Amino acid sequence: MSGRDAMLELVVEAVRPLTPAIKAFVLRHAQGGALPPYTPGAHLGVQVVQPGGRTGQRAYSLVAPCAGSDRYEIAVLHQPQGAGGSAWMHRLLPGAVLAAQPPRNDFALHAHESAPLLVAGGIGITPLLCMARALRAEGRAFDFFYATRSAGDTAYLDEARALGATIVHDGGDPSRGLDLRAVLAGPQRGRHLHVCGPKGMVQAAVNTAQALGWPAGHVHCELFAGALEQPGDQPFEVRTLRSKKTLAVSAHQSLLDVLIGAGLDPLYDCRQGDCGVCAVDVVEGIPDHRDHNLGAREKAEGRTICTCVSRARTPYLVLDI
């Protein structure tokens, strides 16, 4: 069994409400002892149970630096319109046992040169709080911005304030939120941007950074669902081999949403390219892989695509679905 497949058995040690919709969970190893280490920005792939008993996987960022701790802490936003994973997590009580993949980092902190810039929106605070705590512990400079709807909706409010975060409440109106042009103005040599939050905010931050001249390699983002639109995204056609449909995927749609809209009932779970449940075989065409599940060899072969986040490099794809 590979390190990625070896699941951790964890016990919920404590549950703490952070806001009416967000709970923090402190987890320890079910057999006691040390837990695998991680770096700021890492997440756990937690196995959740959805309605009907189907299992799925959700990625939850670790909110405190590792520092040899024998505890993990994650925070979970309850999403009433979701697939049920967050509702299951919110029903857990101390003593409950759950399974998770060891920590993995797809959103690493870059703090080698100039002071990093951290921008969080909503539940996107979790990986950035870990980064800010690590930087503070090391005595390193950073700038930290955090946007939420209201003070009552702000997870880790006191912790973020103690770390010097500039906190903005927009009342649900993004136009009253962070002034991204001001926050991102004047990119500095060696400075890296790290942004996590709702897709709209992250997309706006990435677009603004690009417009203001930030080097692409210095802009790092993480989403909890979907994938960002990228410059040059084009519409493409999907032909389904078994169901014999021809479908159009616009530049602003996901392949998965188009398949669902056509009534094909495709399998899916995490919607962030992490779990691989939505993967289908590619018969013709070249995928534009944007997932974190397939390995380098699988991506190079181009015979499989994760429909929730990936697109096409060719005008059409033929899928075995």
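Located above this text is the structure these notes cover.
Sequence order as written defines residue numbering, which begins from 1 separately in each chain. Restriction of local features to residues with pLDDT of at least 70 applies here, the model being predicted, together with a cutoff of 80 or more for giving and counting side-chain atom pairs; totals for whole chains, interfaces and linings are based on all residues. Each side-chain value is derived from all of the structure's non-hydrogen atoms; neither hydrogens nor water enter the calculation.

Novice: Where do I start with the overall build of the protein in this structure?
Specialist: A tally of regular secondary structure across the protein gives seven helices and 18 strands. For the protein, the C-alpha radius of gyration of 20 Å lies close to 20 Å, the compact-globule estimate for 321 residues. When its C-alpha atoms are laid out on the principal axes, the protein stretches across 55 × 50 × 35 Å. Burial classes follow relative accessibility: with a 1.4 Å probe on protein chains only, a residue under 20% of its type's maximum area counts as buried, one over 50% as exposed, and anything between as partly exposed. A buried classification covers 49% of the 321 residues belonging to the protein. In this analysis, two residues are considered to be in contact whenever any of their non-hydrogen atoms come within 4.5 Å of each other. Put simply, 63% of the contacts in the protein that link residues at least 6 apart link residues at least 24 apart. By definition, any uninterrupted DSSP run of H or I lasting at least four residues is a helix, any uninterrupted run of E lasting at least two residues is a strand, and each is numbered from the N terminus. Note on method: radius of gyration uses C-alpha positions; expected globular size equals 2.2 Å times residues raised to 0.38.

Novice: Which parts of the structure should I look at to understand unusual backbone geometry?
Specialist: Residues apart from glycine generally show negative phi values, whereas peptide bonds are mostly found in trans. Backbone geometry places Tyr156, a non-glycine residue, at a positive phi of 55°. One can find Tyr156 in the loop between strand 8 (143-148) and helix 3 (157-162). A positive phi angle is found at Lys244, which is not glycine, with a value near 55°. Lys244 gets classed as exposed once you look at its relative accessible area, which sits at 72%.

Novice: So what exactly am I meant to see when it comes to helix 2 (residues 125-137) here?
Specialist: With 13 residues, helix 2 should reach 18 Å at 1.5 Å per residue; the first-to-last C-alpha distance of 18 Å fits that figure. Within helix 2, ten of the 13 residues are buried, which leaves the element mostly enclosed by the surrounding structure. When helix 2 is considered as a whole, its buried residues turn out to be Ile125, Thr126, Pro127, Leu128, Leu129, Cys130, Met131, Ala132, Ala134 and Leu135. One or two residues past the end of helix 2 sits Gly139, with phi positive at roughly 70°. To estimate how far a helix should extend, the number of its residues minus one is multiplied by 1.5 Å.

Novice: In this structure, what is going on with the pattern of salt bridges? I would like to understand it.
Specialist: When charged atoms on two side chains of opposite charge get close, those side chains can pair. The salt bridge criterion pairs a side-chain nitrogen of Lys or Arg with a carboxyl oxygen of Asp or Glu, the two atoms within 4 Å. With the rule as written, the count across this model stands at 13 salt bridges. For Arg71, the salt bridge is made with Glu13, and the minimal N-O distance between the two is 2.7 Å. Here Arg71 is found in strand 5 (residues 71-77), whereas its partner Glu13 is found in strand 1 (residues 8-17), with 58 residues between them in sequence. On the basis of relative accessible area, Glu13 is assigned to the partly exposed category, the value being 34%. Within this structure, Glu13, Arg28, Asp70 and Arg71 form a network of salt bridges that share partners.

Novice: It is not clear to me how the sheet that holds strand 7 (residues 117-121) should be interpreted in this structure. Could you clarify?
Specialist: Backbone-to-backbone hydrogen bonds pair the strands of a sheet. The strands run either parallel or antiparallel. If you walk across this open sheet you meet the five strands as 9-8-7-10-11, and the pairing is parallel. The open sheet terminates on both sides in strands that have one partner only, identified here as strand 9 (166-169) and strand 11 (219-222). For this sheet, the mean angle separating the axes of adjacent strands, direction not counted, is 15°. Strands are labelled as partners when DSSP assigns at least two bridges between them. As paired strands, strand 7 and strand 10 (residues 193-196) are joined by four bridges and run parallel to one another. Note that in strand 10 the partner of Leu117 across the bridge is Leu193. Axis geometry follows a simple rule: fit a line to the C-alpha atoms, using only the stretch in contact for helices, then measure angles between N-to-C directions, giving values from 0 to 180 degrees. Seen against the sheet, helix 2 touches strand 7, strand 8, strand 10 and strand 11 and runs at an angle of roughly 150° to strand 7. The sheet contacts of helix 5 (residues 199-211) involve strand 7, strand 10 and strand 11, and relative to strand 10 the element is tilted by about 160°.

Novice: Just checking my understanding: could you explain the layout of surface pockets for this structure?
Specialist: A probe matching the size of a water molecule, rolled over the atoms, marks out where space remains unfilled. Only protein atoms enter the 1 Å grid used here, on which a cavity is any set of points holding a 1.4 Å probe that cannot leave and a pocket is any open set flanked by protein within 12 Å on both sides along at least five of seven lines; residues with an atom within 4 Å of a point are listed as lining. Grid points are joined across faces, edges and corners, and a volume is the space filled by probe spheres set on the points. Each pocket or cavity is described by its volume, and for the largest pocket that value is around 1,200 Å³. As for the largest pocket, its lining consists of 50 residues, and the residues nearest its centre are Leu77, Gln79, Ile123, Pro198 and Phe224. Looking at the lining of the largest pocket, its residues break down into 25 nonpolar, 18 polar and seven charged. Residues are grouped as follows: Ala, Val, Leu, Ile, Met, Phe, Trp, Tyr, Cys and Pro are nonpolar; Asp, Glu, Lys and Arg are charged; all remaining types, including Gly, are polar.

Novice: Explain the environment of Gly232 here, please?
Specialist: With respect to the element layout, Gly232 can be found in the loop between strand 11 and strand 12 (236-240). Taking the C-alpha atoms as reference points, Gly232 and Ala251, separated by 19 residues in sequence, lie 8.8 Å from one another.

Novice: What exactly am I supposed to notice about helix 5 here?
Specialist: A turn of α-helix holds 3.6 residues, and therefore any two residues three or four places apart point the same way. Helix length check: helix 5 (13 residues) gives 18 Å between terminal C-alpha atoms against 18 Å at 1.5 Å per residue, within 8%. If you check which residues of helix 5 are buried, you get Met201, Val202, Gln203, Ala205, Thr208 and Ala209. Tucked inside the fold, the buried residues of helix 5 contact strand 7, helix 4 (180-184), strand 10 and strand 11. Within two residues after helix 5, Gly213 carries a phi angle of roughly 95°, on the positive side.

Novice: In this structure, what is going on with the nonpolar core? I would like to understand it.
Specialist: The nonpolar side chains of a soluble globular protein tend to be buried, and buried together. Remark: nonpolar core denotes a set of buried residues (Ala, Val, Leu, Ile, Met, Phe, Trp, Tyr, Cys) joined through side-chain atoms within 4.5 Å. Formed by 26 residues in total, the largest nonpolar core has its most connected members in Leu118, Ile125, Leu128, Phe144 and Tyr156. Elements with a contribution of two residues or more to this core: strand 2 (22-29), strand 7, helix 2 and strand 8. Take this core: its biggest share by element is six residues, from helix 2. Beyond its immediate chain neighbours, meaning those up to four positions away, Leu128 contacts Phe107, Leu118, Val119, Ala120, Phe144, His194 and Cys196. Membership of the second largest hydrophobic core comes to 24 residues, among which are Leu27, Leu44, Val48 and Tyr72.

Novice: What am I meant to see in the side chain of Arg311 here?
Specialist: Secondary-structure assignment places Arg311 in strand 17 (residues 311-312). The positive count covers Lys and Arg only, the negative count covers Asp and Glu only, and His and the chain ends enter neither. Of the side chains with opposite charge, Asp233 comes closest to the buried, unpaired Arg311, at an N-O distance of 4.3 Å.

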